[in-house]
Amino acid sequence: MERGLRSYVLRRLGFAALMLVGVSMILFAIMRLAPGGPEAVLIGGEFSAEAAAQIRQRLGLDRPLALQYVTWAGAAVRGDLGRSFKTGDPVASLIADRLGPTLQLTGGALLFAVVVAVPLGVLAAVRRGTAWDTLGSAVALFGVSFPSFWLGIMLILLFSDALPWLPPSGLAEYGREGDLLSRARHAVLPTLTLGLIQMAAVMRFTRSSLLEVLRQDYVRTARAKGLADARVVWRHALRNALIPVVTVVGLSLPTLVGGAVLTETVFAWPGIGRLAVGAVFERDYPVIMGVNLIVGAVVIAANLLTDLAYTVIDPRISYQ
Amino acid sequence: MIQSIVLAALVVALTLTGLRPAAAAGRDMVVGLSGDATSLNPIIATDSMSYIVEWPVFDSLLELDQSLNVKPLLAESWETSRDGLTYTFKLKKGVTWHDGKPFTARDVAFTFYSVLDPKVTTPHRAYFDALAGFPELTAKENPKRPEELAVRPIEVVDDHTVRFRLRYPSGSFLAVLVNPRAGIVPEHLLKGADLNTAEFNRKPVGTGPFKFVEWRRGERIVMEANDKYHGGRPALNRLIFRIIPDGVVLVQELRAGGVDLMENPPLTEVARLKQTAGLKVLVADNTSYTYFGWRQDLVPFNDVRVRRALNHAIDVPSIIKEVLQGYAALSAGQFSPSSWAYDASVKPYAYDPARAKALLAEAGFKPGADGVLVKDGKPFSFSIRHDVANPTVKDTAVIVQEYLKRVGVDARLEPLDWPTFVKKLFASEFEGIVVNWTNHHDPDPFAYTIWHSSQWKGRNFAHYKNARVDELLEQARRTAVVAERKKAYAEFSKVLMEDAPYVFLYFPQQVYVTRQGYEGFVAIPTFAGVYQSLKAVRWTGK
């Protein structure tokens with residue numbers, strides 16, 4: 001790594017650490033300002049003021065807010081994210097258990113989106129104004145128009161009920177978690193749900209970016225040299241057109257995680273999104289903090305990697 | 001990541017094969033739940049999902065029959081002293097814990113002393129108010145240990161005999177010794193442990209018909225048949241509780257074969273499910289009820305004419321028909337029609353909007369310019385808070401609002417999430433509320449805490465106060481003679497209905513859907529009562 005790039009990365013990492021501290025402080029404050037508390041969920045219908053007070057004391061919620069934050073942050077720096085208020089499990093192990101399914105879902109959705117959307121975008125740009133272009137735009141519009149929870153349920157009704165081809169929910173049948181085919185069949189609908197939404201943006205950006213590049217002089221020169229159309233588009237134009245697409249893909253990571261929250265809930269997918277939703281409804285503060293810290297770190301890392309990816313795609317870009 | 005790519009590639013490449021997902025094996029049962037458990041320790045657990053899941057793992061001393069009477073489970077028999085202050089239980093012999101250790105009377109004493117221990121966080125403690133030494137053992141400041149008391153409330157007579165001593169005769173004492181609130185836990189695994197946080201709460205060991213196998217948080221809880229179960233090995237091999245939060249998806253799983261039993265499907269789906277080949281619907285009464293209430297001490301709710309008018313203003317049968325598709329019993333007070341304390345002579349107020357308007361006029365309300373009634377320059381306008389996540393309650397609140405509007409009362413709906421809602425309830429920060437509240441199969445624990453005036457800081461958050469009601473609740477609490485309790489509760493129900501402190505709406509029924517071929521369910525009319533019978537459920541394949 002060249003020196004300029006190294007100091008750039010270090011600077012960014014420094015900012016990232018500060019950002020995480022800021023995010024954790026804001027989140028901690030917001031959570032405690034929100035009405036309600038974990039005791040109502042922990043006790044359920046047999047709630048009593050006495051039991052509630054006892055729980056608050058046991059969980060340390062009766063201490064001053066600043067002290068609670070400092071205790072949490074001190075432990076977090078040492079790698080201890082605390083224990084879930086609800087089940088008493090270590091937060092780190094809850095997140096570790098859920099990370100695999102979420103990565104599988106978001107990774108699969110991203111891969112699906114890119115693999116399908118880039119060629120569709122190219123086709124729409126090259127065949128601008130034709131039926132292909134209209135079809136591509138229609139697919140994109142379809143993807144951005146439907147919320148994931150609705151799309152997910154519609155896909156379940158279509159592919160698990162009307163056409164009983166795929167299982168409606170879960171990661172795999174019990175006892176068949178190691179069976180790749182079973183896992184793949186369970187993954188089809190959630191991956192499609194999340195991927196379709198993502199695909200729309202990638203497709204639209206590929207199309208518009210490629211159209212712009214195709215108008216440039218060097219493309220005309222390449223064509224004038226007698227290069228085949230496919231070679232001009234795929235080798236010369238697309239590479240430059242991909243820079244904004246990479247930005248969109250990088251910036252879409254938070255959206256993917258956000259989308260995964262709903263998709264995971266609909267498909268009973270045991271990932272981080274569902275963990276987060278459950279924790280918010282149950283006011284499981286340590287889990288909310290832990291999940292957000294990890295997701296925040298992933299998003300910051302993704303943004304950094306996106307910036308670094310520019311240098312690979314376009315050697316003219318360099319960081320000082 | 002490599003695995004993700006491989007899987008993603010498989011997903012993309014996979015042609016839709018047309019295969020149905022593998023149906024759950026006949027001798028297992030997959031139970032679909034809408035949420036995860038909190039704890040699998042019956043002393044600590046108090047939420048509905050935990051109750052359902054810990055039930056098959058633990059046995060209690062007694063269990064309920066279909067008429068809500070108690071019958072022996074871990075206890076073989078019991079004797080009550082003449083003064084009603086001593087209960088001596090003979091325990092079953094040869095019962096073992098899932099780890100092979102013998103179950104003895106010491107486990108029983110350990111369990112209930114743990115419930116009484118103020119260091120242990122459990123709302124179940126209040127159920128044992130009648131035990132000798134209860135105030136001393138549960139005191140906030142310097143609680144006593146059992147050995148410091150002159151009279152031991154729970155005495156281990158021998159390995160298979162345990163004796164409970166009460167400070168007053170209690171009609172509810174036997175009724176509170178049943179699952180899921182009173183499962184017995186093993187002393188040898190928990191002595192000296194902090195019960196609030198013990199690893200046991202996540203990996204339980206009981207004496208029940210099913211042994212705990214695994215709990216994958218948010219995904220599933222698995223248990224297998226206990227071959228050495230004292231009541232005979234259950235017919236099902238395994239119970240797999242799958243957690244599927246979305247009701248529509250849960251129904252699809254049932255139809256697709258991924259789930260064999262689910263509770264409370266969206267009620268609009270029940271008719272379709274009844275028509276679905278291979279599925280059957282079971283319906284059970286419940287003790288919990290939904291009501292429209294208000295702060296009794298606020299103007300104008302402190303006027304009995306206004307309260308009665310609100311009762312006349314709402315057509316409850318139409319709510320049962322429209323919102324619950326008929327799956328509810330009309331409520332006439334605190335007790336469900338399946339409770340022995342229910343008095344059929346007490347009738348709810350008839351829907352009579354003209355009478356409601358007349359009563360409101362009598363109370364001094366006159367129509368205002370915008371159609372809302374006005375008294376002393378103030379419009380009859382208030383907020384109704386409710387739990388946003390309960391669709392039945394939400395729809396009920398909307399219809400209540402509409403009926404109130406028809407008689408000139410302006411109600412604003414304020415949906416809140418459950419933690420916020422409960423906190424506001426117990427702080428008495430509300431005007432009106434629509435709530436579905438848990439109840440107990442015995443009348444005392446909830447009737448007393450909801451309606452007795454000593455409980456304003458507890459469940460009597462609506463601040464109801466009636467000296468005669470206090471008296472009747474005390475009478476019913478401090479006798480073990482059923483006829484006396486029945487008489488006291490009958491009068492209590494009459495006074496309550498005359499007082500009209502709520503619009504008692506309905507007792508929602510519990511609707512279960514299961515696969516044809518599973519037989520042996522017994523629908524006990526209390527919360528989640530059907531789960532008690534899982535030990536007797538078998539697969540017939542028909």
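Residues numbered from 1 in each chain as written. Chains lettered and ligands numbered in written order. Predicted model: local features only at pLDDT ≥ 70, side-chain atom pairs only at ≥ 80, totals over all residues. Heavy atoms only, no water.

Novice: Talk me through the overall build of chain A; I want residue IDs and the actual numbers.
Specialist: Within chain A, the secondary structure is distributed over 12 helices and zero strands. For chain A, the succession of helices and strands along the chain, N to C, is α-α-α-α-α-α-α-α-α-α-α-α. Within chain A, buried positions represent 51% of all 320 residues. Residue pairs in contact within chain A that sit at least 24 positions apart in sequence constitute 72% of those at least 6 positions apart. Total accessible area on chain A stands at roughly 14600 Å², and carbon and sulfur atoms take up 68% of it. Positive and negative charge centroids in chain A, built from 29 and 21 side chains respectively, lie 11 Å apart. (Helix = DSSP H or I, 4+ residues; strand = E, 2+ residues; numbered from the N terminus. Buried < 20%, exposed > 50% of the residue type's maximum accessible area, 1.4 Å probe, protein only. Contact = heavy atoms within 4.5 Å. Areas by Shrake-Rupley, 256 points an atom, 1.4 Å probe, with all protein chains shown as cover. Lys, Arg positive; Asp, Glu negative; His and termini not counted. Charge placed at Lys NZ, Arg CZ, Asp CG, Glu CD.)

Novice: Can you tell me about the interface of chain A and chain B, naming the residues and giving the values?
Specialist: Contacts between the two partners involve 65 residues from chain A, matched on the other side by 71 residues from chain B. Between chain A and chain B we count six salt bridges in total. With a shortest N-O distance of 2.2 Å, B:Arg217 and A:Asp89 are connected by a salt bridge. Where chain A meets chain B, there are 14 residue pairs in polar contact (both at pLDDT 80 or more). Elements that contribute at least two residues to the side of chain A that touches chain B include exactly helix 2 (38-43), helix 3 (49-58), helix 5 (91-126), helix 7 (148-162), helix 8 (180-214), helix 10 (229-266) and helix 11 (272-282) of chain A. Top element by residues in the side of chain A that touches chain B is helix 8 of chain A. It accounts for eight residues. When grouped by side-chain class, the residues that make up the side of chain A that touches chain B number 33 nonpolar, 15 polar and 17 charged. (Salt bridge = Lys/Arg side-chain N within 4 Å of Asp/Glu carboxyl O. Polar contact = N/O pair within 3.5 Å; in protein donor to acceptor, adjacent residues only side chain to side chain. Nonpolar A, V, L, I, M, F, W, Y, C, P; charged D, E, K, R; others polar.)

Novice: Account for a positive patch on the surface, with residues named and values stated.
Specialist: A contiguous patch of positive charge on the surface is contributed by A:Lys225, A:Arg231, A:Arg235 and A:Arg239. Tracing the sequence through the fold places A:Arg235 in helix 10. (Patch = residues over 30% accessible without salt bridge, like charges linked within 9 Å, V, L, I, M, F, W, Y side chains within 5 Å.)

Novice: Tell me about the pairing of strand 20 (residues 432-437) of chain B, and please be specific about residues and values.
Specialist: Residue and element names in this part refer to chain B. When you tally the buried positions in strand 20, you get five out of six residues, the bulk of the element. As paired elements, strand 13 (residues 289-294) and strand 20 share six bridges and run antiparallel to each other. Pairing of Thr 290 across the sheet is with Asn 436, part of strand 20. Here three bridges tie strand 18 (residues 381-387) to strand 20, and the two strands are oriented parallel to one another. Looking at strand 20, one finds that Ile 384 is bridged to Gly 432. (Pairing = 2+ DSSP bridges.)

Novice: Can you explain the pattern of salt bridges? Please cite residues and give values.
Specialist: Applying the stated criterion to the full structure yields 44 salt bridges over all chains. Close ionic contact of B:Arg220 with B:Glu214 constitutes a salt bridge, the shortest N to O distance being 2.7 Å. Taking relative accessible area as the criterion, B:Arg220 reaches 6% and is therefore assigned buried. The class of B:Glu214 is partly exposed, set by a relative accessible area of 23%. One salt bridge in this structure joins B:Arg468 and B:Glu471, with 2.4 Å as the shortest N-O distance. Of the two residues, B:Arg468 and B:Glu471 are both situated in helix 14 (residues 467-477); the distance of three residues between them amounts to about one turn of the helix. Exposure remark for B:Arg468: the relative accessible area of 30% places this residue in the partly exposed category. Linked through salt bridges whose partners overlap, the residues forming this network are A:Glu177, B:Glu214, B:Arg216, B:Glu219 and B:Arg220.

Novice: Run through the packing of helix 6 (residues 131-145) of chain A against helix 8 of chain A, naming residues and quoting values.
Specialist: Between two packed helices, the angle of one axis relative to the other and the distance separating the axes together describe the packing. Residue and element names in this part refer to chain A. The interhelical angle for the contact between helix 6 and helix 8, taken along N-to-C directions, is 140°, at an axis separation of 7 Å. Considering their axes alone, helix 6 and helix 8 lie oblique with respect to each other. Pair helix 6 / helix 8 crosses with left-handed handedness. Between helix 6 and helix 8, the contacting residues are Asp 133, Gly 136, Ser 137, Val 139, Ala 140, Phe 142, Gly 143 and Val 144 on the first element and Leu 196, Ile 197, Met 199, Ala 200, Met 203, Arg 204 and Arg 207 on the second. A class-by-class count of the residues in the contact of helix 6 with helix 8 yields nine nonpolar, three polar and three charged. (Axes fitted to C-alpha atoms, helices over the stretch in contact; angles between N-to-C directions. Parallel < 35°, antiparallel > 145°, perpendicular 65-115°, else oblique. Left-handed = near helix turned anticlockwise from the far one by under 90°.)

Novice: I'd like a rundown of the domain arrangement of chain B, residues and numbers included.
Specialist: Residue and element names in this part refer to chain B. Taken as a whole, chain B is organised into domain 1 (2-13 + 29-39 + 49-54 + 199-283 + 511-539), domain 2 (62-190) and domain 3 (289-508). In this assembly, 19 residues from domain 1 lie in contact with 22 residues from domain 2. For domain 1, the biggest contributors to the area lost against domain 2 are Tyr 51, Thr 207 and His 230; these three give 31% of the whole. Inspection of the region where domain 1 meets domain 2 yields one salt bridge. One salt bridge connects Lys 535 with Glu 63, and the closest N-O pair in it is separated by 3.0 Å. At the boundary of domain 1 with domain 2, the tally comes to seven residue pairs in polar contact (both at pLDDT 80 or more). Every element with two or more residues in the side of domain 1 that touches domain 2 is listed here: helix 2 (48-54) and strand 8 (210-216). Grouping the amino acids of the side of domain 1 that touches domain 2 by side-chain chemistry returns nine nonpolar, seven polar and three charged. (Domains from an automatic or database assignment. Buried area = accessible area lost by both parts, 1.4 Å probe.)

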